[in-house]
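Residue-level listing of the chains:
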Amino acid sequence: MNKLYLLGLAASLALNTSFAGTYTPPAQGKDAFIDSLMSRMTLSEKIGQLRLISIGPEMTLAQIQNELAAGHIGATFNSVVPWDNRAMQDAALRSRLQIPMFFAYDVIHGQRTMFPISLGLAASWDVAAVARVGRVAGSEASADSLDMTYGPMVDIARDPRWGRTSEGFGEDTYLVSRMGEAMVHGFQGEDVSHADSIMSIVKHFALYGAVEGGRDYNVVDMSPQRMYNDYLPPYHAALKAGAGGVMVALNSINGVPATSNTWLMQDLLRKTWGFKGLTVSDHGAILELIKHGVAVDANDAARQAIKAGIDQSMNDQAYGVALPALIKAGKVPQGEVDSAVREVLSTKWDLGLFADPYRRIGKPENDPADINAENRLHREAARDVARRTLVLLKNANHVLPLKKQGTLAVIGPLGDSHTDMLGSWSAAGLPRQTVTLLDGIRTAVGDQAKVLYARGANITDDRNSIVFLNNIILDHTEVQPDPRTAQEMIDEALKVAASADVIIAAVGESRGMSHESASRTSLAIPNTQRQLITALRATGKPLVLVLMNGRPLSLERENQQADALLETWFAGTEGGNAIADVLFGDYNPSGKLPITFPRSVGQIPMYYNHPTIGRPVEPGKPGNYRSQYFDADTSPLYPFGYGLSYTQFSVSGVALSSTTLKGGGTLDASVMVSNTGTLAGETTVQLYLHDKTASMARPIKELKGFQKILLQPGEQRQVHFTVDENMLKFYNQQLQHVAEPGEFDVQIGLDSQDVQQASFNLL
Ligand code: NOJ
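Residues numbered from 1 in each chain as written. Predicted model: local features only at pLDDT ≥ 70, side-chain atom pairs only at ≥ 80, totals over all residues. Heavy atoms only, no water.

- As recorded in an unreviewed UniProt entry, the chain goes by the name beta-glucosidase, listed as coming from Pseudomonas typographi.
- The record held by UniProt for the chain lists under Catalytic activity (unreviewed entry) the comment "Hydrolysis of terminal, non-reducing beta-D-glucosyl residues with release of beta-D-glucose."
- The UniProt entry for the chain carries this comment under Sequence similarities (unreviewed entry): "Belongs to the glycosyl hydrolase 3 family." (UniProt positions renumbered as here; feature names shortened; annotations may be inferred.)

Comments concerning the overall build of the chain
Okay, step 1: The number of helices and strands found in the chain is 23 helices and 27 strands.
Okay, step 2: Reported as C-alpha extents along the three principal axes, the dimensions of the chain are approximately 75 × 65 × 45 Å.
Okay, step 3: Counting only residues that meet the buried cut, the chain has 61% of its 763 residues in that class.
Okay, step 4: By sequence separation, contacts in the chain at least 24 residues apart represent 78% of the contacts at least 6 residues apart.
Okay, step 5: Carbon and sulfur atoms make up 51% of the accessible area of the chain, which amounts to about 27500 Å² in all.
Okay, step 6: On the chain, the mean spot of the 67 positive side-chain charges and the mean spot of the 80 negative ones are 1 Å from each other. (Helix = DSSP H or I, 4+ residues; strand = E, 2+ residues; numbered from the N terminus. Buried < 20%, exposed > 50% of the residue type's maximum accessible area, 1.4 Å probe, protein only. Contact = heavy atoms within 4.5 Å. Areas by Shrake-Rupley, 256 points an atom, 1.4 Å probe, with all protein chains shown as cover. Lys, Arg positive; Asp, Glu negative; His and termini not counted. Charge placed at Lys NZ, Arg CZ, Asp CG, Glu CD.)

Some thoughts on the sheet that holds strand β12 (residues 407-411)
Okay, step 1: With mixed pairing, the six strands of this open sheet are ordered in space as β11-β16-β15-β14-β12-β13. Where the open sheet ends on each side, the last strands, each with one partner, are β11 (391-395) and β13 (450-454). Direction aside, neighbouring strands of the sheet carry axes that sit 20° apart on average.
Okay, step 2: In terms of strand pairing, strand β15 (residues 543-548) meets strand β16 (residues 564-567) through four bridges, oriented parallel. Bridging across to β16, Leu-547 finds its partner in Glu-567.
Okay, step 3: Helix α23 (residues 575-583) rests against β14 (502-508), β15 and β16 of the sheet, and its axis sits at about 145° to β15. (Pairing = 2+ DSSP bridges. Axes fitted to C-alpha atoms, helices over the stretch in contact; angles between N-to-C directions.)

A closer look at the packing of aromatic side chains
Okay, step 1: Applying the stated criterion to the full structure yields 17 aromatic pairs.
Okay, step 2: With 5.2 Å between their ring centres and 80° between their planes, Trp-125 and Phe-706 make a pair best called edge-to-face. Here Trp-125 is found in the loop between α6 (118-123) and α7 (127-143), whereas its partner Phe-706 is found in strand β22 (residues 702-711), with 581 residues between them in sequence. For the pair formed by Trp-125 and Phe-706, the shared burial category is buried.
Okay, step 3: In this structure an aromatic cluster arises from ring pairing among Trp-125, Tyr-174, Tyr-608, Phe-640, Tyr-688 and Phe-706.
Okay, step 4: Between the NZ or CZ atom of Lys-701 and the centre of the ring of Tyr-688, over which it lies, the distance is 5.8 Å. (Phe/Tyr/Trp six-rings, centres within 6.5 Å; stacked < 30°, edge-to-face > 60°. Lys NZ or Arg CZ within 6 Å of the ring centre and 35° of its normal.)

Remarks on the side chain of Ser-197
Okay, step 1: Of note, Ser-197 is situated in the loop between α8 (173-188) and β5 (199-205).
Okay, step 2: Among the polar contacts listed, one links the side chain of Ser-197 to the backbone oxygen of Gln-188, at a separation of 2.8 Å.
Okay, step 3: When residues no more than four places from it in sequence are discounted, the contact partners of Ser-197 are Arg-135, Ser-142, Phe-187, Gln-188, Gly-189, Asp-191, Val-192 and Arg-360. (Polar contact = N/O pair within 3.5 Å; in protein donor to acceptor, adjacent residues only side chain to side chain.)

A closer look at the environment of Ile-361
Okay, step 1: Mapped onto the fold, Ile-361 is located in the loop between α15 (334-350) and α16 (379-388).
Okay, step 2: Taking C-alpha positions, Ile-361 is 8.9 Å from Ala-195, a pair spaced 166 residues apart along the chain.
Okay, step 3: Ile-361 has contacts with Pro-82, Asn-85, Arg-86, Gln-89, Phe-103, Ser-145 and Asp-367, leaving out every residue within four places of it along the chain.

What to know about the site of the ligand
Okay, step 1: Close contacts around the ligand come from Phe-77, Asp-106, Tyr-150, Arg-164, Lys-203, His-204, Met-247, Asp-282, Met-314, Trp-425 and Glu-516, and that covers them all.
Okay, step 2: Within the side chain of Arg-164, a nitrogen or oxygen atom sits 2.7 Å from an oxygen atom of the ligand.
Okay, step 3: Between the ligand and Asp-282, the relevant distance is 2.5 Å, taken from an oxygen atom to a side-chain nitrogen or oxygen of the residue.
Okay, step 4: Residues of the shell around the ligand, tallied by class, amount to five nonpolar, one polar and five charged. (Near = heavy atom within 4 Å. Nonpolar A, V, L, I, M, F, W, Y, C, P; charged D, E, K, R; others polar.)

As for the pattern of salt bridges
Okay, step 1: Using the criterion set out here, one finds 46 salt bridges in the structure.
Okay, step 2: For Asp-350, the salt bridge goes to Lys-30, with nearest N and O atoms at 2.8 Å. Taken together, the residues Asp-350 in helix α15 and Lys-30 in helix α2 (residues 30-40) connect sequence positions 320 residues apart.
Okay, step 3: Notably, a salt bridge pairs Asp-144 with Arg-376, separated by 2.8 Å at the nearest N-O pair. Highlighted residues: Asp-144 in the loop between α7 and β4 (148-149) and Arg-376 in the loop between α15 and α16, separated in sequence by 232 residues. Exposure class is identical for Asp-144 and Arg-376. Each is buried.
Okay, step 4: Salt bridges sharing partners connect three or more residues here, namely Asp-126, Arg-132, Glu-380, Asp-384, Arg-388 and Glu-682. (Salt bridge = Lys/Arg side-chain N within 4 Å of Asp/Glu carboxyl O.)

Remarks on the sheet that holds strand β27 (residues 755-762)
Okay, step 1: Sheet architecture is open: five strands sit in the order β19-β27-β26-β21-β22, paired in mixed fashion. Each edge of the open sheet is held by one strand with a lone partner, namely β19 (660-661) and β22.
Okay, step 2: Where strand β26 (residues 742-749) and β27 come together, eight bridges link them in antiparallel fashion. Pairing of Gln-747 across the sheet is with Gln-757, part of β27.

The structure is reproduced here in structure tokens:
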């Protein structure tokens, strides 16, 4: 999206580059150095540090040069190669006080090697694998001269209409927290100042995933209890894991935009959580305070944002234009600006940039000859992680794993799509470096089987959707419909299918459908593809659907039509190989859903840990005045935590070390898990707790622990969880974090519904 604007930047900047090695690193410690630096800064230089610009059409290259040398820009994002960033750093160091700049980017699920989208990563339930993704992405990004990423996104998503569901780790507070921490650790490595580490900026603070109706940028209205118990903990967990900063959300919270929300940014973030670090607005959010209807003009917007505690303003001129006059008029205390500047300088210090502004940029002689060179990718890691993220949703009559023999038909608009495999927010990942499903299957079978291919359908034939999808991604070529009619494409697919032993249909969404601003009112696979699936079903051949999508889809019909369903999200650079590994049984699937799959869009919101209610559904008793839909099943199609394997596991009853727990004590809850099948396999054992009677209605169950284990055929293992008082705490009506004495259920199982249960009393 940004790369178009970079061509020629280095050359252009080089003309004016005079800086060459005259920078002297500070001799003092951090605080003394920043004090001394700030005492020498003019107001204009201070405000410059608060200005974060996007490399894009907004500014010409000559302007960027001049502004940097004048000390009017503190940092940029969207510029991703060392030679461009070196030239900009040279310009920044020509400024009067030689304050280095930093370079940020949205490194969400990879930099050059793309891993599965975050929702897929969460489906691995594999903390070590996710930390590995962060580490690979962090080292690739730093090798590209980047200092910072705007990730991870830890917004809880319980409304799959929201396109950004794909960017987060799903619906559950505990799982999202663990995944977010792992990413932070991975990005930042052992020490964020190291040359191969990048700083993590957790986003979007706060509650962005709860936008009304799943419509992006919409309002969030939420009780404090739900915020504190469900939505806020993942941000806090990421900060406790060391994330250096926070990106502030675009939504309002109970009427007050996050960008001007002093309760959120001052009282909660800085005072209650004790956060010390950088806060950055989201793109253009300060001026959007006018549109929100809480600021009369740019001056008012800037005043409110700085007061709330937004340190850096992303890609708007609000601070630069407004702050000098506001300070002069006494409407903004100098101290508020100084605190923001201090955070920016402190971030640069922590990144090691004052010690060496070229820490991640490196020397020109070490620049890669080819930035996209194959040897800069981490394909082995991408394949290993991707296969752990695939979720087997259905496998009737053991149709999977497939044999590498006979004739296989790969059909569907996603079967040979390089671009979609990348997923949204694909940083510097290149479509041509991805392995499509067709590629992966061909490589896997070699000459042992014949592989045929037909596109079968366009991703969608809806003109408005196509125009939309080609406009949200800048090169306008995301979705290129085949000019043939739907029937012509289906006919071709049926011809291919006729000579095949099995049909593998790759269907779902284009990556742009699960993207920022891409909200949907339907969760169905688009119509053209549904017609294709129906036609393929009618052949009577074994039908395997390989699903690619960035949100839960409503799959009731497909669940009936297909023999097997494999959820593959958008699986990244090695996606095709990883999917083939699972299809042919070279890897036994182990992924579990990090988010509930409803039966229909009408069931939303649907999440597994709903608070208890007075009239829960009681199936099989029509007209019984219960909480249900009369026109459809009230249960999800696939519950949270669900996913099959090619082997079978059984779980014994729950053994508790005691039926009472004293405050401050612990108890052990365990089950015996057995692999009763004939293949080795991994599964995730999940611990849920339920507070049976409390001062508030508590969730019917809440995930509080999980362990991913590998069992050989016939092997058994006792899996232990330690339960302590802290795990029983919740924010009560007074927002006190308490564990209330009484009875608790302990549920352990292989998904949120398939559990064994015991109970104990908290004394
Ligand atoms: C807007 C998005 O909301 C945010 O997630 C992203 O980090 C910024 N743009 C910068 O690209």
